[in-house]
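Chain by chain, the residues run as shown.
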Amino acid sequence: MPVRPVSVGERIKRREDPRLIRGLASYTDDLKLHGGLYASFVRSDYAAGRIERIEASRALSRPGVVAVYTFEDLRGTVGRTPCVARPEAGRDAEHPLLADGRVRWVGQPIAVVVAEDRYLARDAALDVAVEISPTPAVVDPRAALAPDAPRVYADHADNIALHVPATGGPEVQKLFAEADGVVRLELLNQRLAPVSMEGRAVLAHWDEGPQRLTLWTSTQVPHLVKQSVAQCLGIAEIRIRVIAPEVGGGFGAKIPVYAEECLLPWISRKLRRPVKWSETRTENLLGTTHGRGHVHEIEAAYRKNGELLALRGRVISDVGAYPSFFGASIATFTPLMMPGCYHPKAIDVEVVCVYTNTMATDAYRGAGRPEAAYTVERVMDEIAAATGLDPVEVRRRNFIPKDAFPFTTATGAIYDSGDYELALAKALERFDYAGARARQAKARAEGRLVGIGVATFTEICGLGPSTGASPIQRTGSWESGVVRVEPTGNVVITTGVSPHGQGQETAFAQLAADAFGIDVNDVEVLHGDTDVVTHGVGTFGSRGLVVGGTAVHMALEKVLAKASRIAAHLLDAKPEQVHFDGESFRVAQSDRKLGFRQVAEAAHLWNVPIPGEEPGLEAVARFEPTGTTFPFGTHFCEVEIDADTGELELIRYVAVDDAGRIVNPLLADGQRLGGIVQGLGQALCEEVVYDESGQLLTATLLDYALPKAQMFPRIELDSTCTPTQLNPLGAKGIGELGTIGSTPCLVSAALDALRPRGVTHLDMPMKPERIWRALQEAAR
Amino acid sequence: MKLSLTVNGKAQERDVEPRMLLVHFLRETLGLTGTHVGCETTICGACTVHLDGRAVKSCTIFAVQADGRAVTTIEGLASDADHLHPVQKGFWEEHGLQCGYCTPGMIMTTAALLESNPDPSEREIRHAIDGNICRCTGYQQIVNAVQHAAQVGKGRR
Ligand code: FES
Ligand code: FES
């Protein structure tokens with residue numbers, strides 16, 4: 001029986017917050033170094049073209065302008081923009097730090113102006129004259145596949161960046177032949193802008209004395225930045241320190257290592273002065289990676305009883321103008337996750353990643369999985385419509401039964417654990433599904449457009465194992481944790497995950513507090529600094545707690561084991577006689593004991609050498625998962641559409657999620673709520689729009705519509721708990737869950753509302769105008 | 001141009017370019033970096049400060065427009081760690097923030113809301129923060145935070 005209350009499982013409020021709510025936290029743009037310069041980029045106004053001339057003399061003549069650099073200045077001194085998932089030869093593409101004579105998307109950096117302050121740098125950037133002869137651009141990924149489409153890379157045979165062919169299995173053909181019916185869908189998963197509220201920012205300082213570069217950057221992956229910048233600039237990684245200070249959100253777009261992160265160190269080394277850049281929102285929308293951007297052409301074979309037999313078709317992924325960091329590999333998750341919670345007997349889906357003259361796409365909250373979930377959930381609704389069965393019933397009939405786990409899907413994913421029926425049952429009750437359908441029937445009779453949406457979904461989380469990592473990455477998908485106990489018994493944890501709002505400082509402090517029986521406030525959690533943190537990977541793919549937390553847990557166990565041996569020695573007992581009760585080390589069947597802090601002190605005083613032990617109390621652990629986790633959930637929502645205006649109102653939203661064991665429900669709820677609203681953003685209003693010539697029409701937040709507070713009712717959360725066996729915490733990961741479930745759930749509801757009026761298909765986002773048009777067309 | 005104003009209760013006199021935005025004046029000239037820039041187009045609210053007690057977005061007014069007036073930034077809301085503003089406490093209690101980037105603006109906006117409407121309904125709170133974008137929280141815990149602050153206020157009266 002532990003003496004102290006256990007904090008894991010409790011709603012512990014965040015230790016991160018005091019500095020943040022007082023405005024005393026430092027994000028990259030808040031930092032100032034003596035003698036610091038400011039950089040501003042000159043970016044392409046054309047989506048495709050040849051650079052004829054760059055004229056910088058006017059800019060250079062302004063007092064206070066220090067330098068203007070173009071590709072010519074970099075030539076031969078730097079490598080390409082970092083990328084870990086490169087397409088094979090013939091499909092790979094060089095992506096220079098600054099345009100090397102060609103531009104391939106609007107916003108591509110062409111030149112960089114360095115000046116004494118921000119205003120001056122921006123003024124001077126406007127003075128740089130760039131003459132471009134435009135060439136034909138291709139913007140739509142389907143159009144880019146046409147044989148005569150303009151090529152993004154003239155030396156490529158086509159615009160394909162990666163092609164993973166369908167397996168062509170006879171099994172699929174057979175199942176389609178046997179089916180009672182086939183559902184055909186062409187679904188657009190529109191391009192989205194991640195829009196972290198803090199844009200990207202970089203501050204580079206080359207210190208000529210010690211020959212060291214310090215790079216502050218708003219990133220999710222400081223160690224990957226260190227490795228990448230070292231490679232790109234030819235500086236040994238031991239000469240580089242990367243610090244991710246306070247980071248104002250990332251959502252996947254701060255995983256890629258960008259040209260700007262390599263250029264600023266290059267400039268600082270050249271000028272021997274610190275230099276800073278922080279993107280404007282327009283730069284963020286133009287030049288920070290986008291997400292999604294898929295077209296799915298899918299056929300689903302089903303039986304009259306609602307059973308999904310097989311899926312076949314094609315995923316077209318728009319990778320944009322160059323292979324970004326994870327780039328084309330993101331889309332390969334999509335067919336893998338296409339089975340969702342169900343067990344079609346076969347899947348035969350090819351992936352085609354296509355270059356277009358647009359900003360590159362890369363990870364965005366869920367990365368490849370939301371696209372899969374959206375498609376399979378639409379398939380479920382279409383099977384329901386075709387068979388006349390209830391959409392919930394169709395899903396239930398296709399569920400992988402709970403005693404089938406671990407379950408290997410038709411696409412080879414190994415689902416660790418699950419009880420989909422349980423989450424569904426809880427959600428049905430919480431939502432009062434029967435009652436909601438009855439009210440809907442009444443509303444329909446009155447001519448009102450009320451819709452009920454459902455999504456049952458699973459996702460892949462906690463990435464490793466490292467077999468999935470690219471060798472260019474140089475590190476696998478494991479994570480590190482270090483636990484250092486001070487002589488006082490206070491504890492410092494360092495972690496390779498680099499959180500940016502997820503609250504790991506609190507969650508990991510809880511783990512340590514419980515392990516040693518100390519107060520959460522006596523634990524410090526350090527992250528985001530490559531000089532402080534042993535190797536690490538970073539925060540993405542809901543791996544923070546699952547992989548990083550497990551590493552910390554392992555280090556805690558190691559420390560506890562050593563402390564226990566030391567205690568045994570001091571208590572004159574055998575190690576196996578000593579156990580830690582949550583506060584003290586006790587000798588079995590006696591009243592001899594030593595408190596954790598006493599042992600910590602003894603471990604450092606070391607006036608009594610203990611055979612086989614070194615002084616100190618510290619441990620490093622690295623956790624390499626043996627498999628990925630698969631959290632899941634059921635979401636329901638109710639919407640009403642105004643037939644006259646097309647306006648959609650979200651009336652209710654209920655989410656029942658299962659992310660395994662929860663360390664801090666307060667944080668978990670935060671992740672879920674934020675994720676749900678982000679997913680609803682895709683369904684309701686968000687879309688990156690390029691015109692045919694490749695101009696970005698959504699280059700400010702006036703044009704790119706983000707979800708706002710008034711659009712949502714109170715979201716109701718509930719959960720089930722099916723722990724995973726893949727890590728000792730039993731945690732499955734939670735960051736992307738809400739995003740994956742909410743998008744299909746809302747679209748399901750919208751189409752449910754519109755179906756009686758003859759609208760059976762509508763691409764996201766469900767903007768009033770789009771809904772209104774669909775209603776008008778259907779009425780004709 | 002000469003500019004004299006009070007920022008967080010302290011008189012400041014500076015010579016600034018007429019085109020300098022208030023947010024840059026606060027951040028760059030005075031080093032008060034708690035006020036953030038999220039959009040530069042009056043959409044996101046990350047730059048919200050109080051100007052003579054009213055919440056305004058400091059990215060779309062010039063520093064010189066604050067001449068002779070009183071500005072309060074997030075740094076000026078609490079005198080020290082032990083005397084947090086009720087809204088700050090509410091955000092902490094209710095997990096009203098994740099990455100914290102939108103948070104100073106959210107707090108300034110909702111602190112002003114509670115000044116004029118000490119007991120707002122959920123709808124009123126959502127309406128008040130519709131000009132503040134948060135990409136992390138999904139807003140619900142922000143609403144809870146403001147309600148928490150309002151409750152504290154009620155207890156005090
Ligand atoms: S920065 Fe001022 S409203 Fe966004
Ligand atoms: S807490 Fe991150 S934007 Fe609001």
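In the block above lies the structure referred to throughout.
Here's what I pulled together on the structure shown here. If you're wondering where the values come from, they're calculated on a predicted model, not measured in any experiment. Throughout this description, residue numbers start from 1 for each chain and increase along the sequence as written. Labels are handed out in written order, letters beginning with A for the chains and numbers beginning with 1 for the ligands. In keeping with the predicted nature of the model, local features appear solely for residues at pLDDT of at least 70, side-chain atom pairs appear and are counted solely at 80 or more, and the whole-chain, interface and lining totals rest on all residues. Neither water nor hydrogens contribute to the side-chain values; these are computed over all heavy atoms in the structure.

What about the sheet that holds strand β4 (residues 102–103) of chain A?
- Ordered in space as β4-β2-β6 (chain A), the three strands form an open sheet in which the pairing is antiparallel. Only two strands of the sheet have a single partner each, and these edge strands are β4 and β6 (129–134) of chain A. Pairing between strands requires that DSSP locate at least two bridges from one strand to the other. A run of H or I in DSSP counts as a helix once it spans at least four residues, and a run of E counts as a strand once it spans at least two, with each numbered from the N terminus.

Overview of the packing of helix α11 (residues 369–387) of chain A against helix α19 (residues 737–754) of chain A
All names here are of chain A.
- In this analysis an axis means a line fitted to C-alpha atoms, helices contributing only their contacting stretch, and an angle means the value between N-to-C directions, from 0 to 180 degrees. One way to put it is that α11 packs onto α19 with a least axis distance of 8 Å and a crossing angle of 30°. When the axes of α11 and α19 are compared, the pair comes out roughly parallel. At the point where α11 passes α19, the crossing takes the right-handed sense. Listed contacts from α19 to Arg369, Pro370, Ala373, Tyr374, Glu377, Arg378 and Asp381 of α11 are Ile740, Pro744, Val747, Ser748 and Leu751.
- Partitioning the contact of α11 with α19 into residue classes produces seven nonpolar, one polar and four charged. Every angle not falling under 35 degrees, over 145, or within 65 to 115 is termed oblique; those three ranges are roughly parallel, roughly antiparallel and roughly perpendicular. A clockwise turn of the near helix away from the far one marks a right-handed crossing, whereas an anticlockwise turn of less than a right angle marks a left-handed crossing. Any two residues whose heavy atoms approach within 4.5 Å are treated as being in contact. Note that Gly is not counted as nonpolar here; it falls among the polar residues with everything else outside the nonpolar set of Ala, Val, Leu, Ile, Met, Phe, Trp, Tyr, Cys and Pro and the charged set of Asp, Glu, Lys and Arg.

Considering the pairing of strand β21 (residues 523–527) of chain A
- Residues of β21 of chain A alternate between two faces, with Val523, Val525 and His527 of chain A buried on one and Glu524 and Leu526 of chain A left unburied on the opposite face.
- We call a crossover right-handed when, viewed with both strands directed away from the observer, the connection leading from the first strand over the helix to the second proceeds clockwise. Handedness of the crossover joining strand β20 (residues 491–495) of chain A and β21 of chain A through helix α15 (residues 504–516) of chain A is recorded here as right-handed. Categorising residues by exposure relies on relative accessible area from a 1.4 Å probe, with only protein chains included: less than 20% of the type maximum marks a residue as buried, more than 50% marks it as exposed, and the intermediate range marks it as partly exposed.

Things to note about α11 of chain A
Residue and element names in this part refer to chain A.
- When the terminal C-alpha atoms of α11 are compared, their 27 Å separation across 19 residues agrees well with the 27 Å that a helix rising 1.5 Å per residue should span.
- Within α11, 16 of the 19 residues are buried, which leaves it mostly tucked inside the rest of the structure.
- Of the residues flanking the end of α11, it is Gly388, one or two places downstream, whose phi is positive at about 75°. Here the expected length of a helix is defined as 1.5 Å per residue gap, with one fewer gap than residues.

What to know about the environment of His50 of chain B
Residues and elements named next belong to chain B.
- Positionally, His50 belongs in strand β3 (residues 48–51).
- Owing to a relative accessible area of 9%, His50 belongs among the buried residues under this scheme.
- When the C-alpha positions of His50 and Ala112 are compared, they lie 7.8 Å apart, and in sequence the two are 62 residues distant.
- In contact with His50, other than residues within four places in its own chain, are Ala55, Ala70, Val71, Thr72, Met108, Ala111 and Ala112.
- Here a polar contact is taken to be a pair of N or O atoms separated by no more than 3.5 Å, where protein atoms must pair a possible hydrogen donor with a possible acceptor and residues adjacent in sequence count only if both atoms sit in side chains. There is a polar contact of 2.7 Å between the side chain of His50 and the backbone oxygen of Met108.

Remarks on the pattern of salt bridges
- For salt bridges, the criterion is a side-chain nitrogen of Lys or Arg within 4 Å of an Asp or Glu carboxyl oxygen. Enumeration over the complete set of coordinates arrives at 76 salt bridges over all chains.
- For the salt bridge of Asp718 of chain A with Lys426 of chain A, the shortest nitrogen-to-oxygen distance reads 3.6 Å. Placement of the pair is Asp718 of chain A in strand β28 (residues 715–719) and Lys426 of chain A in helix α13 (residues 420–431), with a sequence separation of 292 residues.
- Residue Lys426 of chain A is classed as partly exposed on the basis of its relative accessible area of 33%.
- Here the salt bridges do not stand alone but share partners, grouping Asp29, Asp30, Arg118 and Lys276 of chain A together with Arg27 and Glu28 of chain B into one network.

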